[in-house]
Amino acid sequence: MGSLKNGTTRNELLNKDELLRIFHKGLSLHVKPNMTTAEEQWLQRLLPSYPGYRGNRPDSPSPAPAAESLRSSSSSSRRSLPDSLLLSLPSSPPPRMELLAAALSAACALDHEGSAESVAGGARSAGSESPSMAGPIPIPEESPELQDCPAAFPEGLQMIHPMTADSWKNFIEQIGLLYQEYRDKSTRQEIETRRLQDSQTDTEECTAIEETPSEKEATDTVENKAVPQINLLRNSTSRFNLWQDLPEVRSSGVLNILQPDEIKLQEAMFELVTSEASYYKSMNLLIYHFMENERLKKILHPSEAHILFSNLLDVMAVSERFLLDLEKRVEENIVISDICDIVYHHTINHFSVYVTYVSNQTYQERAYKQLLQDKPAFREVISQLEMDPKCKGLPFSSFLILPFQRITRLKLLVQNILKKVEEKSEREITALEAHKELETVVKACNEGVRKMSRTEQMISIQKKLEFKIKSVPIISHSRWLLKQGDLQQMNGPKTSRTLRTKKLFREIYLFLFNDLLVICRQIPGDKYQVFDSAPRGLLRVEELEDQGQSLANVFILRLLENADDREVSYMLKASSQSEMKRWMILLAPNRRTKFVSFTSRLMDCPQIQCVHPYVAQQPDELSLELADVLNILEKTDDGWIFGERLHDQERGWFPSSMGEEILNPKIRSQNLKECFRVHKTDDSQRRKLGSRNKQ
């Protein structure tokens, strides 16, 4: 833990509020703002021990009972408080304040750690007594020479709350959940938590707000201080506890000192650590149960094994190194100072292995399907390995996608921490940096997967096109398909003398790329004849409303400059309302949707949370994970939603049956506020870019 600097000269006096601020910063602990009379008196007794504080010192009671009382307490408490401080304590302090006393002493030491080392060194050279047996250290009231001397040992905090390596190792080994199980339980708990919050009425909220401080303090137990994110994992059969359930945490007394918000933050950081342990457990199973299986090795050709498992050993090594650093941080102190600095370090130095693995996903999936189809022996061995109780009924494919799921989930876990840290604090800065780097890795993973599939898709489309007009090169590294499909082009209401209506529409086929529209007619041999094209930026659309059943789902497509360098219009009919909306949004991306997007920064917007996972079937659709929260940008009567996911601003269509709308406006507003906070670095960068563009 770094030095605590008060930003003032050494001899400047500090009042109580300033000292508390330093105390908060140094320990990342939160002393209750509304202190009881006993706690206030106890704190007043502690303040004079801080060298920088020169407030009013109350008359000290008889020192003998106080010293005797604390010397008979636990050894950890005795080690953390020097005798000079023991002599100034009241005779019967509240038990939960003993920890505050030791913590404040540690804060004093941290504020002056430079001189602490010299003083501690001098004490050790003077004699071999342990710190707990050292004699009183007098602090002269106005001595400038001793102004920087600490009132406690620099190791005070660690001596209070260390978690032994054996204790933590036993905890990790007892984690009974594979990562797939953990991830499923955790996300389902997020869904249930939001459902509960969404169902709360204004009356219930008002009642909670109007509760008096005394009533709240009376009912403020350890259990209701925090709303744990994964409390369903408290099930004893899962052997997966919360941070506040750790015996070391409960016995230390920190739950009586930390504010509820800090407890939630501790739970968020602890979840990242324990979930990494669960992920490591599943990765071990993938390698030693599947990849290293001797029967499987004999069946697979080395090239097949390489495609199937890629750089899995590298990913495993990175996870192990990451978990070891996280474990070391937890062992330092049961009140976790921060872990986002560790995440940041590993992301920029080691997590590139995830990009390599995930980019191979397209070939991996294809090779796995091919092996199942062509090699009965492979299919038999995999089936037998999946039936092993260690796999808990989970398929082999669920293990193969673990790295991609983990790097994505890791970003969300850091987001969860970021939402809970103090604003404008060092921990917020570190969390923002870690999140930014993780987002870069996740985007690189996504781009790696898309690049592989897009290249093959563009080659396939190029082979199917025959140009009736001037040929346009389709294949390009910067081009990809957004949507393809058939529409009906309206010819116009032509009738004969016998009033027999001729065919009103004829079939056409569209290929829409990110920068180009190609309009075709399907011809025999699974080919398409191109008869018009236009840059995507020169497209405009207009919806026709209330035109009767024959013109339902009809819209106008205008090409401001087509292949013949002239403006043309097409009246097109889609098969459904959702299909029409999907084409219109893609053909004219700048066209306003029914509801505003995240970038508008309005504090309310229709929202939905995903309660069923969904895998995109078309390029314009959005794959959803459980507990994803999205802004609703467009809805159709036939059951489709165009949404924007809050945590990454990805957009796409999905069936409305995949989610549940969030009805409580306060919850929707809170979701947006948290999202703005997570992405405020991106916003500032966009503003800087905008100002540069104006210049």
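Residues numbered from 1 in each chain as written. Predicted model: local features only at pLDDT ≥ 70, side-chain atom pairs only at ≥ 80, totals over all residues. Heavy atoms only, no water.

1. Section: the packing of helix α19 (residues 352–359) against helix α23 (residues 402–418)
The criterion, for reference: Convention adopted: a line fitted to C-alpha atoms gives each axis, helices being fitted over their contacting stretch, and angles between N-to-C directions are expressed from 0 to 180 degrees. Segments assigned H or I by DSSP are reported as helices when at least four residues long, segments assigned E as strands when at least two residues long, and all are numbered from the N terminus. Working rule for angles: under 35 degrees goes down as roughly parallel, over 145 as roughly antiparallel, 65 to 115 as roughly perpendicular, anything else as oblique. Working rule for handedness: look at the near helix, and if it is turned counterclockwise from the far one by less than a right angle, call the crossing left-handed; if clockwise, right-handed. Every residue pair with non-hydrogen atoms within 4.5 Å of one another is taken to be in contact.
One way to put it is that α19 packs onto α23 with a least axis distance of 9 Å and a crossing angle of 135°. Relative to α23, α19 is oriented oblique. For the pair α19 and α23, the crossing hand works out as left-handed. Across the interface between the two elements, Y354, Y357 and V358 from α19 touch P403, F404, R406 and I407 from α23.

2. Describing the side chain of Q489
Operational definition: Between buried and exposed lies partly exposed: a residue is buried under 20% and exposed over 50% of the maximum accessible area for its type, with that area taken using a 1.4 Å probe on protein chains only.
Among the structural elements, Q489 can be located in strand β2 (residues 481–490). Judged by relative accessible area, Q489 falls into the buried class, the value being 11%. Apart from the residues within four sequence positions on either side, Q489 is in contact with L504, F505, R506, I508, R521, F531, Y570, M571 and L572.

3. As for the nonpolar core
What counts is decided by this rule: What makes a nonpolar core is a set of buried Ala, Val, Leu, Ile, Met, Phe, Trp, Tyr and Cys residues whose side-chain atoms join them at distances within 4.5 Å.
By size, the foremost hydrophobic cluster in this structure holds 79 residues, and its most contacted members are W243, L272 and F309. In terms of residue count, the dominant contributor to this core is helix α14 (residues 260–291) (16 residues). Apart from the residues within four sequence positions on either side, F309 is in contact with L286, M291, L296, L300, Y357, F396 and L400. Counting residues in each nonpolar core, the second largest holds 24 residues, with L482, F531, L586 and L587 among its members.

4. Points about unusual backbone geometry
Non-glycine residue S310 carries a positive phi angle of around 50°. Locating S310 in the fold gives a position in the loop between α16 (302–309) and α17 (312–332). Exposure remark for S310: the relative accessible area of 21% places this residue in the partly exposed category. In the Ramachandran plot, K392 falls in the positive-phi region, its phi being about 55° despite a non-glycine side chain.

5. Some thoughts on the confidence of the model for the chain
Our working rule: Per residue, pLDDT captures the predictor's confidence, and it can take any value from 0 to 100.
In this model, the chain carries an average pLDDT of 74, and 63% of its residues clear a pLDDT of 70 or more. Per-element mean pLDDT across the chain ranges from 36 in helix α3 (residues 63–71) up to 97 in helix α18 (residues 340–349). Contacts for the low-pLDDT stretch residues 202–240, under 50 throughout, to residues beyond four places or in other chains number 67 contacts.

6. Quick notes on the sheet that holds strand β4 (residues 516–523)
This is how the line gets drawn: Two strands are counted as paired when DSSP detects at least two bridges linking them.
Taking strand neighbours across the sheet as the criterion, the 8 strands line up as β1-β5-β4-β3-β2-β8-β7-β6 in an open arrangement whose pairing is mixed. Across the chains shown, the open sheet's two edge strands, defined by having one partner strand only, are β1 (465–467) and β6 (539–543). Shown here is a sheet whose adjacent strand axes are inclined to one another by a mean of 40°, direction ignored. Sheet analysis places β4 next to strand β5 (residues 527–535), joined by 8 bridges and oriented antiparallel. Counted as the bridge partner of I523 is K527 from β5.

7. Describing helix α25 (residues 577–587)
Helical geometry: 3.6 residues make up each α-helical turn, so side chains three or four residues apart lie on a common side. Counting buried positions along α25 gives 10 out of 11 residues, so the element sits mostly inside the fold. Every buried residue belonging to α25 is among S578, E579, M580, K581, R582, W583, M584, I585, L586 and L587, and all of these are buried.

8. Description of the packing of helix α10 (residues 179–199) against α23
Here is the rule we go by: Residue polarity follows a fixed list, in which Ala, Val, Leu, Ile, Met, Phe, Trp, Tyr, Cys and Pro are nonpolar, Asp, Glu, Lys and Arg are charged, and the others, Gly among them, are polar.
For the pair α10 and α23, interaxial distance at closest approach is 11 Å and the crossing angle is 35°. The interaxial crossing formed by α10 with α23 has left-handed handedness. Contacts from Y179, Q180, R183, S186, T187 and E190 of α10 reach α23 at L402, Q405, R406 and R409. Residues belonging to the contact of α10 with α23 are distributed by class as follows: 2 nonpolar, 4 polar and 4 charged.

9. Section: the pairing of strand β12 (residues 651–655)
β12 sits mainly inside the fold: 4 of its 5 residues count as buried. Two elements, strand β11 (residues 640–645) and β12, share 5 bridges in a ladder whose sense is antiparallel. When the sheet's bridge partners are listed, F642 is paired in β12 with W653. Counting the residues in the hairpin turn of β11 and β12 gives 5 residues, including Q649, whose phi is positive at 60°.

10. Concerning the sheet that holds strand β10 (residues 629–635)
Pairing is antiparallel in the open sheet, where 5 strands are placed in the order β12-β11-β10-β9-β13. Two strands lie at the open edges of the sheet, namely β12 and β13 (659–662), each paired on one side alone. This sheet shows a mean twist of 45° between the axes of neighbouring strands, independent of strand direction. Examined bridge by bridge, strand β9 (residues 607–610) and β10 share 3 bridges and lie antiparallel to one another. Note that in β10 the partner of Q609 across the bridge is V629. Across the sheet, α10 touches β9, β10 and β13, and the angle it forms with β9 is around 145°.

11. Observations regarding the pairing of strand β8 (residues 568–573)
One ladder, built from 2 bridges, connects β2 with β8; its direction is antiparallel. The residue of β8 that forms the bridge with Q489 is L572. Where strand β7 (residues 554–559) and β8 come together, 6 bridges link them in antiparallel fashion. Bridge assignment links R558 to a residue of β8, and that residue is S569.

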